[in-house]
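Report on the structure
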Protein chains: 2
Amino acid sequence: MERTHIANIVPGSRVKISGFVENLRNKRTMAFIVIRDITGKIQVTVVKEEHPDLVPDIDRMTLDSVVTIEGTAVANDYVKLGGIEIIPDSIRIESVADALPIKDDSAIDSRLDYRWIDLRSEKNTLIFKLQTEMTASFREFLLERGFLEFHSPKIIGAASESGADVFKLSYFDGVAYLAQSPQFYKQMAMASGFERVFECAPVFRAEKSYTRKHATEFTGFDLEFSYIDSFRDVMKLEEEMLTYMIGRVAEKFGDDIVRLYGEEYRVVVPTKPFPVMTVAQIYDEIEKRYGYTVPESEKGDLTTDAEHLTYRLAKELYDSEFLFVTDFAADRRPFYHMHDENGVPQGFDLIWRGTEITSGSQREHRYEQLCENAAAKGLGEDVKFYTEFFRYGCPPHGGFGLGVDRLTMLFLGISIKEAEFLFRGPDRLTP
Amino acid sequence: MERTHIANIVPGSRVKISGFVENLRNKRTMAFIVIRDITGKIQVTVVKEEHPDLVPDIDRMTLDSVVTIEGTAVANDYVKLGGIEIIPDSIRIESVADALPIKDDSAIDSRLDYRWIDLRSEKNTLIFKLQTEMTASFREFLLERGFLEFHSPKIIGAASESGADVFKLSYFDGVAYLAQSPQFYKQMAMASGFERVFECAPVFRAEKSYTRKHATEFTGFDLEFSYIDSFRDVMKLEEEMLTYMIGRVAEKFGDDIVRLYGEEYRVVVPTKPFPVMTVAQIYDEIEKRYGYTVPESEKGDLTTDAEHLTYRLAKELYDSEFLFVTDFAADRRPFYHMHDENGVPQGFDLIWRGTEITSGSQREHRYEQLCENAAAKGLGEDVKFYTEFFRYGCPPHGGFGLGVDRLTMLFLGISIKEAEFLFRGPDRLTP
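Bringing the overall build of chain A into the picture now. Counting its regular elements, chain A contains 12 helices and 16 strands. On the principal axes, the C-alpha backbone points of chain A span a range of 85 × 60 × 40 Å. Scored against the burial criterion, the 431 residues of chain A give a buried share of 59%. Across chain A, 52 positive and 71 negative side-chain charges occur, with their mean positions spaced 4 Å apart.

Written out as structure tokens, the structure is:
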């Protein structure tokens, strides 16, 4: 007999269900077992006198044991769970669970130690249903627009952009490093004439940070595309891609998110275009409105506090959760961003709910100009392997990257420790 | 004006095209420029007398420079490339290329040194169009069947299955390792009740192998699913998924593959079910048919030569490029495979065109039995972090893994050095 998912059970039908024991009341004459699978929960009711053969297995059952049960689905208004119960005629125990070492309200570190148990709740499973929908929407959006998926190497020969924050590994008789981003390689794909590429893959940062948004390994979603006219084309693609993705998430999980994470995290499908402000405009407004000031020397980039304040600002000014920020100071941006004739970097950050989720830009694709920019930052030799990509012809191009885990955090108001399947931090390498 | 891809150009229309200079004949009165973008090639014809303003840019142009050209598409039967040429009225040089350091017939190591140039040919670009279609088909197939995508950590605290062949890295004040496979974590997701998961991500192998199919980093496509009745369910899903994928590739790129790689690599959409033989049956047949013998002590697993011979065998016996192999000796399979009552591992290999592409199995999900199996291989303490996943309830489950690069190799008859975007081997860490 084929298994039926709990959400699909129809009263009056014979069913086979499989799942974890969510709840168990084993009385003298009756047993009530709640079974949970990935779609829902249902009560199984046993009148022991009618099924003495089932009693030994019920007595062996523990919370979170895995069982397969065949029986008849019956409508019963007294049953709280959806008004249906299963009257079983067979029970098979697939796996008996030891007493669980954590509870729903255990400390986060214990929950991470036993992450596979922590992930069993409906609330936590939703995190990964949402993440699946997010990446599937991104890919679908991009594949329809002619993007190729590529896989760039994570083991690299030279510590790229900067030597800091890079993990070093033994590589046979030498050393190698773990890639901090596919930035250089997605640009290489442009020099190869691939025109449009994306990658969804792990990135590694050897940062000893203990904030709620830092991890030493996370999943990056990166893309790059050719023949743009300016970085505004990159912003346009990003707002379309995010709007599409959020629309899909809202449709599929909007109600679940409110039910399990609260009204505060209701999914708001953005309206396009997203508002755009320069860094200077933002500092003007948040000084005027909220009395927030920083020294002139800090005004080339947004401080973390200023970043957070943009949530309120974008809401007040534009009723938007998103805000594009442009016109950063050149000394606060990477050397590979293109500059306009006044030296202004042709790039942007995108802030969602007061947290930066993207940096993007048009890249400098002209070999001589790029070498000059690198030299100006004192990076000439360090990035020579990269500047070579631009010596033999390269289209104008731009792109951006998004953190899959960071977007997940912001959707649900959780920390990165919960947004990752298995968090990795300076003090966390297990399980 | 919007850019038109070359493949979409219609005679009689005004177009803007962008791409690389594929060919250039700059004569005294005329210039013929062939432009290549990701969709095709087209000739641009300039009568210099009519457009003296274009001459300086044409004189600056070199092979593989990137240009944007606006003009009118004109039907012309004398033009070999599709009978269309562009009569331009503007030319913009986006990027001037230096003289190219490699040619189509350069040695593989030079081509890898300048991989971004090597990838520009139609033949090499097809590799990644095919790979994109492959992974997109897999994901689409699995998402329709309720699989969740997950991202397991690549930095791990303990050298898993075996200490050999694992890259070691400095992790702040300690050490860590790079994951050789998501095996343990995809099973962990089963213990979490995720029921069905897949992952497409890099895997790392510190093997000093120099064959045409080994790399130190490659892209793995892994999946695992719960509530199976036997490993035959895993085989069934795999044959359906591969058949779906190959059908899509055949439809989209079948003609291109034959045109660029030859008749030998014509895509053959398999018919289901794939044939199944035991290891013993294969040795019987290849001894009888091809006189190939190995000592009795080798007969628990297929030798590399035996594996290759199965291509001929599966063709002769079943007219199939695929062959499932079952009934390996227990001492040649990992401890986590389930055994039947006779100790036979409940798993399989899948061979395509004489090369193994998958190992799969039903896993041992019962905690006590799993610990016994690990102990029997002398692995008790080493895998304790993993056996813990099964102590608190776990559904029966199974799965398999595929190498994206290896499948690409077999589709096109190329080596792994060409099938990867950027190959990584013991002597190759750049670019």
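More follows now that the structure is in view.
Bringing the sheet that holds strand 15 (residues 355-362) of chain A into the picture now. Residues and elements named next belong to chain A. Reading across from one edge, 6-10-11-16-15-14-13-12 is the order of the eight strands in this open sheet, with mixed pairing throughout. Where the open sheet ends on each side, the last strands, each with one partner, are strand 6 (148-149) and strand 12 (276-278). Taken together, the nine bridges between strand 10 (residues 196-204) and strand 11 (residues 217-226) define a ladder with antiparallel strand orientation. Bridge pairing in strand 11 places Phe 204 opposite Glu 217.

Below, the discussion takes up the interface of chain B and chain A. Each partner contributes residues to the interface: chain B has 92 residues there, and chain A has 93 residues. Regarding the contact of chain B and chain A, the summed buried area is about 7600 Å², with carbon and sulfur atoms giving 64% of it. Among the residues of chain B in contact with chain A, B:Trp116, B:Phe172 and B:Tyr392 are the three that bury the most area, contributing 11% of the side total. Run the count over chain B and chain A and you get eight salt bridges. When residues of the side of chain B that touches chain A are assigned to their parent elements, the largest contribution, nine residues, is made by helix 4 (residues 122-144) of chain B. Its residues placed into classes, the side of chain B that touches chain A shows 49 nonpolar, 19 polar and 24 charged.

With an RMSD of 0.0 Å, the operation that places chain B on chain A is a rotation of 180° combined with a shift of 0.0 Å along the axis. Expressed as an axis order, the relation between the two copies is that of a two-fold axis. Looking at the rotation axis and the C-alpha trace of chain B, the residue lying nearest is B:Leu169, at 2.0 Å. When the interface residues of chain B are mapped onto chain A, 100% of them again lie at the interface, so the same face is used by both copies.

Here the focus is the sheet that holds strand 4 (residues 66-75) of chain A. With mixed pairing, five strands are arranged side by side around a closed barrel as 1-2-3-5-4 (chain A). Taking the axes of each pair of neighbouring strands and ignoring which way they run, one obtains an average angle of 50° across the sheet.

This paragraph deals with the packing of aromatic side chains. This model, assessed by the stated rule, comprises 57 aromatic pairs over all chains. On the basis of an interplanar angle of 40° and a centroid distance of 5.6 Å, the ring pair of A:Phe194 and B:Phe128 is categorised as tilted. Remark: B:Phe128 occurs in helix 4 and A:Phe194 occurs in the loop between helix 5 (183-191) and strand 10; the pair is interchain, linking two chains. Note on accessibility: A:Phe194 and B:Phe128 belong to one class, buried. Ring centres of B:Phe274 and B:Phe322 lie 4.5 Å apart, and the angle between their planes is 15°; on these two criteria the pair is classed as stacked. Of this pair, B:Phe274 sits in the loop between helix 6 (231-261) and strand 12 (276-278) while B:Phe322 sits in strand 13 (residues 322-326); the two residues are 48 residues apart in sequence, bridging distant segments of the chain. Neither B:Phe274 nor B:Phe322 differs from the other in exposure class; each is buried. Among the aromatic residues, those joined into a cluster by ring pairs are A:Tyr114, A:Trp116, B:Phe184, B:Phe335, B:Tyr336, B:Phe385, B:Tyr386, B:Phe389, B:Phe390 and B:Tyr392. Above the ring of B:Phe141, the side-chain terminus of B:Arg145 is found at 3.6 Å from the ring centroid.

Per-chain confidence: chain A averages 96 in pLDDT, with 99% of residues scoring 70 or above. Interface scoring of the predicted complex returns ipTM 0.97; its pTM is 0.97.

Residues and elements named next belong to chain B. For the pair helix 6 and helix 11 (residues 404-412), the least separation of the axes is 11 Å and the interaxial angle reads 50°. Relative to helix 11, the element helix 6 lies oblique. Contact with helix 6, carried on its side by Met 245, Ile 246, Val 249, Ile 257 and Tyr 261, involves Leu 407, Phe 411 and Leu 412 of helix 11 and no other residues of that element. Looking at the contact of helix 6 with helix 11, its residues break down into eight nonpolar, no polar and no charged.

In this section: the side chain of B:Ser320. As for its placement among the helices and strands, B:Ser320 is situated in the loop between helix 8 (304-318) and strand 13. If we ignore the near neighbours within four places in the chain, the residues touching B:Ser320 are B:Pro275, B:Ala314 and B:Lys315.

Moving on: the pairing of strand 3 (residues 40-47) of chain A. Each regular strand displays side chains that alternate between the two surfaces of the sheet. All names here are of chain A. Pairing geometry for strand 2 (residues 30-37) and strand 3, over eight bridges, is antiparallel. Considered in strand 3, the bridge of Val 34 is made with Gln 43. Once strand 2 ends, the chain turns through two residues before running back antiparallel as strand 3. Sheet analysis places strand 3 next to strand 5 (residues 84-95), joined by two bridges and oriented parallel. Counterpart to Gln 43 in the pairing with strand 5 is Glu 85.

Let us now look at the pairing of strand 16 (residues 397-403) of chain B. All names here are of chain B. The element strand 16 is extensively covered by neighbouring structure, given that seven of its seven residues are classed as buried. Of the two faces of strand 16, the one lined by His 397, Gly 399, Gly 401 and Gly 403 and the one lined by Gly 398, Phe 400 and Leu 402 are each fully buried. Of the pairings in the sheet, the one linking strand 11 (residues 217-226) to strand 16 comprises seven bridges and is antiparallel in character. What sits directly across from Glu 224, in strand 16, is Gly 399. Pairing analysis gives five bridges linking strand 15 (residues 355-362) to strand 16, with the strands arranged antiparallel. Of the residues in strand 16, the one forming a bridge with Gln 362 is Gly 398.

Attention shifts here to the pattern of salt bridges. What the rule picks out here adds up to 84 salt bridges over all chains. The salt bridge partner of A:Arg312 is A:Glu316, with a shortest N-O separation of 3.3 Å. Of this pair, A:Arg312 and A:Glu316 both sit in helix 8 (residues 304-318), four residues apart, roughly one helical turn. A salt bridge links B:Arg14 to B:Glu70; the nearest nitrogen and oxygen atoms lie 3.4 Å apart. Of this pair, B:Arg14 sits in strand 1 (residues 14-26) while B:Glu70 sits in strand 4 (residues 66-75), and the two are 56 residues apart along the sequence. By relative accessible area, which is 41% here, B:Arg14 ends up partly exposed. B:Glu70 gets classed as partly exposed once you look at its relative accessible area, which sits at 23%.

The next point concerns helix 9 (residues 367-376) of chain A. Residues and elements named next belong to chain A. Along helix 9, the residues classified as buried are Leu 370, Asn 373 and Ala 374. Across the axial projection of helix 9, the buried residues extend over an arc of 100°, all falling on one side. Those residues of helix 9 that are exposed and angled more than 90 degrees off the buried face are Glu 368, Glu 372 and Ala 376. In this structure, the buried side of helix 9 is in contact with helix 10 (384-387). With its phi angle positive at about 70°, Gly 378 sits one or two positions after the end of helix 9.

What follows concerns the environment of B:Ser13. Residues and elements named next belong to chain B. Along the chain, Ser 13 turns up in the segment before strand 1. By relative accessible area, which is 25% here, Ser 13 ends up partly exposed. When the C-alpha positions of Ser 13 and Gly 71 are compared, they lie 8.6 Å apart, and in sequence the two are 58 residues distant. What Ser 13 contacts, discounting residues up to four positions off in sequence, is Gly 71, Thr 72 and Ala 73. At 2.6 Å, the side chain of Ser 13 and the backbone oxygen of Val 10 are in polar contact.

A few words now on the packing of helix 4 (residues 122-144) of chain A against helix 6 (residues 231-261) of chain A. Residues and elements named next belong to chain A. At their nearest, the axes of helix 4 and helix 6 sit 9 Å apart, and the two run at 160° to each other. What the angle tells us is that helix 4 and helix 6 run roughly antiparallel. Of the two possible hands of crossing, helix 4 and helix 6 adopt the one that is right-handed. In terms of residue class, the contact of helix 4 with helix 6 is built from 18 nonpolar, two polar and 10 charged.

Calculation criteria
Residues numbered from 1 in each chain as written. Chains lettered and ligands numbered in written order. Predicted model: local features only at pLDDT ≥ 70, side-chain atom pairs only at ≥ 80, totals over all residues. Heavy atoms only, no water. Helix = DSSP H or I, 4+ residues; strand = E, 2+ residues; numbered from the N terminus. Buried < 20%, exposed > 50% of the residue type's maximum accessible area, 1.4 Å probe, protein only. Lys, Arg positive; Asp, Glu negative; His and termini not counted. Charge placed at Lys NZ, Arg CZ, Asp CG, Glu CD. Pairing = 2+ DSSP bridges. Contact = heavy atoms within 4.5 Å. Buried area = accessible area lost by both parts, 1.4 Å probe. Salt bridge = Lys/Arg side-chain N within 4 Å of Asp/Glu carboxyl O. Nonpolar A, V, L, I, M, F, W, Y, C, P; charged D, E, K, R; others polar. Least-squares fit on C-alpha atoms with pLDDT ≥ 70 in both. Axes fitted to C-alpha atoms, helices over the stretch in contact; angles between N-to-C directions. Phe/Tyr/Trp six-rings, centres within 6.5 Å; stacked < 30°, edge-to-face > 60°. Lys NZ or Arg CZ within 6 Å of the ring centre and 35° of its normal. pLDDT = per-residue confidence, 0-100. Parallel < 35°, antiparallel > 145°, perpendicular 65-115°, else oblique. Arc of directions from axis to C-beta. Polar contact = N/O pair within 3.5 Å; in protein donor to acceptor, adjacent residues only side chain to side chain. Left-handed = near helix turned anticlockwise from the far one by under 90°.

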